[in-house]
Every structure is written in C-alpha cells, then in structure tokens.
Amino acid sequence: MQQQKAYEILGAEDKREVPHVKQLMERFFARRTADQIFAMAIIGLNPYRSNRRELDLILQVSWPDGSREFIKNDDLGVSKYCLDNKTAVTLKKGQPIFLNNLIATIEVKSHDAKGIRVQGNDLSVKYEGEFYVQTDKLIEQARTAREFMGEQFGIRQHTAHFIFLPNVPRESLIVNPDLERVLLFANSSYSDLLKKAIGQQGCSGLSTQEFAAFGSRKFSLYNDDWQLRTRIREYFAQLIPSTLEQEKLELLSKRFIKDQEWATHIGKSLLAFTGRAGTGKTLKLIRTAKELADNSLENVLFLTFNRALARDLQRLMQLQKISSGTAITVLTIDQFLFRIAYKVGILSQSEVDEFLATADSKDFTVYDAVRSLLRDALCESEKVQSVRNYYRGYSMVAIDEAQDWLEHERDIILSIFQPEQVLIAAGTDQCLRAPMLANWRGDVTSRDRQLKVVPSNTALRQTTNLSIFCNDLAAKIGLDWTIKPNADLYGGEVFLFENFTEKIAGLFLAEILTNLREYYPIDFLALISKRRANIDLQALIQTFGKLGFDSWDAVSDAGRAELPELKKIRVVSLESCRGLEGWSTLLFDLDLWTDFALWKEQQRNPNLDFRTLISLPTWFLIPFTRAKKRMFIQLPQKHGDLRQILLQIYRENPGAVQLL
C-alpha cells in the first residue's frame, strides 16, 4: 500500500516562488511519510494586513502524537525554555525536546551570492542595481502570518521567520550567528530548519517533566478535534471565482485606461470618479489601480472605511492573483490611520491591536482624538517624512467613498501623498458617515494642484427594471435622484413581501436550488440593520441553513474579520453595503433604515421638518441599488408612507414588481 506524502502545497501555482518551494519541501520531507510528519506549504498569500507585499510562504509542520519525534538539546543554541508558561529555566544539555507543531513564514529570494550583501544583522538583495534590506521585514511578516492563521483557522502560535536563498549554498556567505538563525540556504537540511526555529522560538514544559516541548499540540495538523488540514484545504478550495466575481475578473483583465480622455491626467492631477450609487465608481477605481499595477509597475494602496467591502475586495484581489512584482493592498481607514499613529508615537502597538480588534464597537471620541492628534503630528516635517518613508512602497493611493471621509482623514492623506498620487471614487449625494461632504477639490486647489473629475450616471450593475424602480421610488418620495438605465442589461424583478419565510428564502436562492445557472451562495446578498434588526440575525442564518447553505455574517465583528467564502451567503448590514453587489438581494429593516437616515439628516440640518419622507437624504436609496437581477423587499410596518409608495409602484408595474 502506497504511503501518503508527508507534505502538501497550497496556494497560487502561478507564483515564481513555486519551483523553489517545491525544492525546499522535497529536501525536507520527501523521505518521510504522513504518519511520521505532515507539512503544509501555503504559497503567495496576501492577507492584506500591513503595508508589506504578499507572503511568499507560510509553512506549517506537525508531528503525530504517540510517536512524536524528538531531538536533543546539544547544539541547538537553546539555553532556556518557559516553565509552566511563566518561569524561564535552563535547558539541560542532552535534554529531549519533543516536537509538536512548527509555523514559519519564509521569504524566498532567488538571487545568487553576487546579488546579496551582508552587513552585520542585515541581509540585502539587489534589485535594478540597488540593494534593499530584507531582514527588517521578517518580524512584521511573521506577525502578519500569525494574524492571518489566527483569524482564518484559529491557530494562535509563535511564528518563526526565515529568508530562503535557493541559489546560495551555506559556504558562499559569511554571516554572524544572529543572521544565520533566520537564513535557509540551498543546502540547508531538515535538521537546520528545526534547530533555527527552536533557536528563535524556544520551548515550553512542565516542572514535573524531564523534557521540553516545541510548539502546541492544540494546533497540530494531526489534531482531529480541530480538523485543521480539512479547514485549510477548504479555505483554498473556496478561492475560485463565483459567477459575479468571474464577471469582475474579466473586466479587470481588460484594458481600461487606454483611449480614455482622462488617462493623461493620471500622475498629474487628483483623479475623481463620481456618480450616483450603482454607477460602478468602486469598480472603476479598482480597474484603474489594477491596470497601473500591471502595466506601470505601480504599487497601489486601496483605502476604504467599509470593512465588509474591504474583505470583499481582498477576496477579489486574492482571486486575481496579482503577481508578486506588483501589488494592490486593501486596508480599512482604521488599519491605515492607527498604524500611522503607532509610527509617530501616539499609540503603542498593543493599543493599535486593541483598537483594530474592536473596530465596530469603538468609542468614537477616542477615535476622533487619535485622528486629531495625528493631523497635528503631521504638521511636523520630521514625522511627515517618517510616515512617507513607511508608505514609500506605494506610488499611488486609491480612496473609495471619498465624499464621506472626515476632514481630518482627508488632511492626513494629503499630508502623506501628493494630490497627483491620489485616485478617488466619490458618490453624488452619498454623505452617510461624515457630517458634510469632504471638500477634496478645495483642499487640492488650495495646494495649487489640479483635480480631474470623471462623471457617470449610467447604471453599471442593475438591470433596466431595477433602475426604473429606483427612479420611481426616488420620485414618489420626492428625492432629487435619478440614474440612467443600462440598455444592455434588460429585465429584472422586484418582489415585495410581508414576513420572511423559508419559501421566500427559496425564491431568493432560486438559481442555486434549481441549478438553472452556475451561481454560488456568495453571489447572493442579504441586508439587515446592525442596530436592532426586525428579523433576528440568527433566525435568518438558520433559515438559510435549513436550505443547506452557510452564511458569511458580516454584521458581527467576528464575521467581518474573515474573508467571504464561495459557499456562504453574504449577510451584511444596511449601513455597510456600499460598493457591494448581489445577483439577488434581500432587504430587511426598512423601518430602522428610514429612522436612521432621518436621524442622521436631522443632525446635519436641525431646522428641517423630519416628519415626512421628503426629508430623507438621497443615500437612503443605496441598499436599493445593490441588486443586479432580482430584489426582495420586506414591506415596512412603521413608516406607512413608504409602505404605500412601494405598494403603489407594484400596482403601476405589475410585470416588473410582484407582491408575494
């Protein structure tokens, strides 16, 4: 009977690091079998957690319980280990160290010895005639890998860090012991990997035992309770595009900038894509960024304050498999600003981690204070230069929903980046988050720079009937809002219903249940209020579960920490749905959404009469513009005027609008 291989390689097969990773795995694990040791190599992962590029390799190695391998502490360079996870004690010479689990991030550098320079603890490699230090990235990359493994798989363990030099034998370089500990050479052995990892990490043990342990049994690939092998495989199996994602990827693969009138303004003016909700501003922004990355070798930083959208775009970038030579990094505004706050000394690293972990349950006064302190700090040229150096890898920054950025945030961006490095997407009358529209034009022209506006008012995603419905709804409410239907996207249906049932859920998911078309659960989008939902979130998820579908819960903090998965229906808050789309959408909680919109508008205009729907802001219509083909709307109960308007539209358009 043939023995199972001791290793598995997952991730981007088209990455240039793949041959070198295969070489490494063969050398370390080819002579072993899966009942002795098992290793998983994840290649080309971009978790979008920092300003670094993708991780070349995350390596996890586990040893089975019962017949665990061990090595002796003779020449490991490990003199201490942590006793009971608290007290550091001396590790005896010859004392056995049992091997449980190893996690390491490995940067692959294919240079030969002539392209490498060593100075003390720094190793630099040569690119285009200049040497760039690589060792200063290792700790940050290990931290990024640890965060990713924790968020996606629940693995929380110390992560070792290495640079692999597949074309440099050990004898070709003279390095000191500290640098030696983070290097893997063309002729490094399995034993070298273990010794160096243990040297970095140390061991743990109990006072009653005569041995130490390396790594945690809890996170072992042999731990059946955690089923980590299956979970990691399933994660990468999800990284195939859904039908809607495939459409986006096809758009991203096409030339976009060429022959556009505004193309000559890139790099000379701040470029602004403008338009109503549903006109494709975010997609135009990401297409421009993608083409700059591919054809101009630009590294683009993509910023949004919407965490659900950030995760959606991160998945799209993962599917796109942007080459490691160029990069689009997607960050939320909180990730961006609080890392700067750490860089200039306003926050400690632990404070940054705490703030980012609780981004949606935050004390806004603390966040406002940090932003104000940061804007003041960036009045000092020395700190500005420090932050610019930190983000120097990015030649362009793309900003989504720029009209809704706070004044402090806009000032901080323009302190770090020149206006001509900035691309923005700005919605017409879509100021939901900020107290007033961000005046990018005024700030740019005050710096004696130029701004180029690229307007559009044609529906990008919606079929014609859905665009006509939105125009009719706006007109009957009395909102100054219209969108031009896209003649190439004919048809579309709107369904109104009173109570959500399993039958409604079945109609919502009709394409999947009947296999009429190749759609996936991720193509479907349910929208509820994050404040106090009329429909219980768990009840909604359970209803989908009865039909055999899991959900991506992007309403809760924990759910938004994960990338959306192919086989999960997306459940997102009404307040965070901008930039997202679904083949079919479900809208709940219109009473709460109406109350919220009126309340927000009253904060800005306290003298207006808010007893009628005409006082609603135009961004009230955003959730109605998320569907591509079919939209299901639960009729409101409290706001009778809105209910009657929806029913009137149904009576006037019985073909396109149905009452269930």
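Numbering of residues starts from 1 in each chain and follows the order in which that chain's sequence is written. Under the rules for a predicted model, residues below a pLDDT of 70 receive no local features and side-chain atom pairs below 80 are neither given nor counted, while totals for whole chains, interfaces and linings still include all residues. Side-chain numbers here rest on the full set of heavy atoms in the structure, without hydrogens or water.

A. Structural context of the confidence of the model for the protein. Summarising the model, the protein shows a mean pLDDT of 83, and 86% of its residues fall at 70 or more. The pLDDT value expresses, per residue, how confident the predictor is, ranging between 0 and 100. When checking whether two residues touch, look at their non-hydrogen atoms; a contact exists if any pair is within 4.5 Å. Within the model, the stretch residues 48-52 combines pLDDT values under 50 with 29 contacts to residues more than four positions away or in other chains. A low-confidence stretch, residues 322-326 stays under pLDDT 50, and its non-local contacts, those more than four residues away or across chains, total 19 contacts.

B. How the structure looks around the packing of helix 9 (residues 333-343) against helix 13 (residues 407-416). In this analysis, axes come from line fits to C-alpha atoms, helices being fitted only over the stretch in contact, and the angle between any two N-to-C directions falls in the range 0 to 180 degrees. In DSSP terms, a helix is any run of H or I states spanning at least four residues, a strand is any run of E spanning at least two, and both are numbered starting from the N terminus. Where helix 9 contacts helix 13, the two axes come as close as 12 Å, and the packing angle between them is 60 degrees. As far as their axial angle goes, helix 13 and helix 9 are oblique. For helix 9 against helix 13, the interelement crossing comes out left-handed. Each of I333, F336, L337 and I340 in helix 9 lies in contact with helix 13, whose residues at this interface are E409, I412, I413 and I416. The classification used treats Ala, Val, Leu, Ile, Met, Phe, Trp, Tyr, Cys and Pro as nonpolar, Asp, Glu, Lys and Arg as charged, and all other residues, Gly among them, as polar. Here the residues of the contact of helix 9 with helix 13 sort into 7 nonpolar, no polar and 1 charged. Each angle gets one of four labels, with under 35 degrees taken as roughly parallel, over 145 as roughly antiparallel, 65 to 115 as roughly perpendicular, and the rest as oblique. By definition, turning the near helix anticlockwise from the far helix through less than a right angle yields a left-handed crossing, and turning it clockwise yields a right-handed one.

C. Representation of the pattern of salt bridges. The working definition used for a salt bridge is a side-chain nitrogen of Lys or Arg within 4 Å of a carboxyl oxygen of Asp or Glu. Under the definition given, this model contains 26 salt bridges. Linking E107 and K109 is a salt bridge whose minimum nitrogen-to-oxygen distance equals 3.2 Å. The pair formed by E107 and K109 is uniform in burial state, with each residue classed as buried. Its salt-bridge partner being R315, residue E245 comes within 2.6 Å of it at the nearest N-O pair. On the criterion of sequence distance, the pair formed by E245 in helix 6 (residues 243-253) and R315 in helix 8 (residues 307-320) is long-range, its members being 70 residues apart. Taking relative accessible area as the criterion, E245 reaches 10% and is therefore assigned buried. Given the relative accessible area of 1%, R315 is considered buried. When salt bridges with common partners are traced through the structure, they connect R375, E407, R410, D411, D443 and R447 into a single cluster. Only protein chains enter the calculation, and the probe is 1.4 Å; a residue is then buried if its accessible area is under 20% of its type maximum, exposed if over 50%, and partly exposed in between.

D. Representation of unusual backbone geometry within the structure. Even without a glycine there, the phi angle at E401 is positive, about 50 degrees. Counting through the fold element by element, E401 comes out in the loop between strand 19 (396-399) and helix 13.

E. Broad picture of the packing of helix 2 (residues 138-153) against helix 5 (residues 228-237). Where helix 2 contacts helix 5, the axes come no closer than 11 Å and their chain directions differ by 100 degrees. Relative to helix 5, helix 2 is oriented roughly perpendicular. Here helix 2 contributes F148, Q152 and F153 to the contact with helix 5, which in turn contributes L228, R231, I232 and Y235. Its residues assigned to classes, the contact of helix 2 with helix 5 comprises 5 nonpolar, 1 polar and 1 charged.

F. Geometry of the nonpolar core. In this text, buried Ala, Val, Leu, Ile, Met, Phe, Trp, Tyr and Cys residues form a nonpolar core when linked through side-chain atoms within 4.5 Å. Ranked by internal contacts, the top residues of the largest apolar core, which has 98 residues, are F469, L473, F624 and I633. In this view, I633 contacts F469, V494, F495, L496, F497, L587, L590, F624 and L646; residues no more than four positions away in its chain are not counted. Of all hydrophobic cores here, the second largest spans 35 residues; its members include L24, I97, L99 and A197.

G. Examining the sheet that holds strand 9 (residues 116-119) more closely. Any two strands are treated as partners once DSSP identifies two or more bridges connecting them. Pairing within the open sheet is antiparallel, and its 3 strands lie in the order 9-10-11. Two strands bound the open sheet, and with one partner strand each, they are strand 9 and strand 11 (130-133). Sheet twist, expressed as the mean angle between neighbouring strand axes with direction ignored, is 30 degrees. Pairing geometry for strand 9 and strand 10 (residues 122-127), over 4 bridges, is antiparallel. In the strand pairing of strand 10, I116 is matched with V125.

H. A look at the sheet that holds strand 23 (residues 524-528). The 7 strands are arranged 24-25-23-26-27-22-28 in an open sheet whose pairing can be described as parallel. The sheet terminates laterally at strand 24 (550-553) and strand 28 (657-659), the two strands that pair on one side only. Ignoring strand direction, the axes of neighbouring strands in this sheet form an average angle of 20 degrees. For strand 24 and strand 25 (residues 568-573), the ladder comprises 4 bridges, and the chain directions are parallel. Across the sheet, residue W552 finds its bridge partner in strand 25, namely R570. Together, strand 22 (493-497), strand 27 (627-634) and strand 28 form the strand contacts of helix 15 (residues 464-477), whose direction differs from that of strand 27 by roughly 45 degrees.

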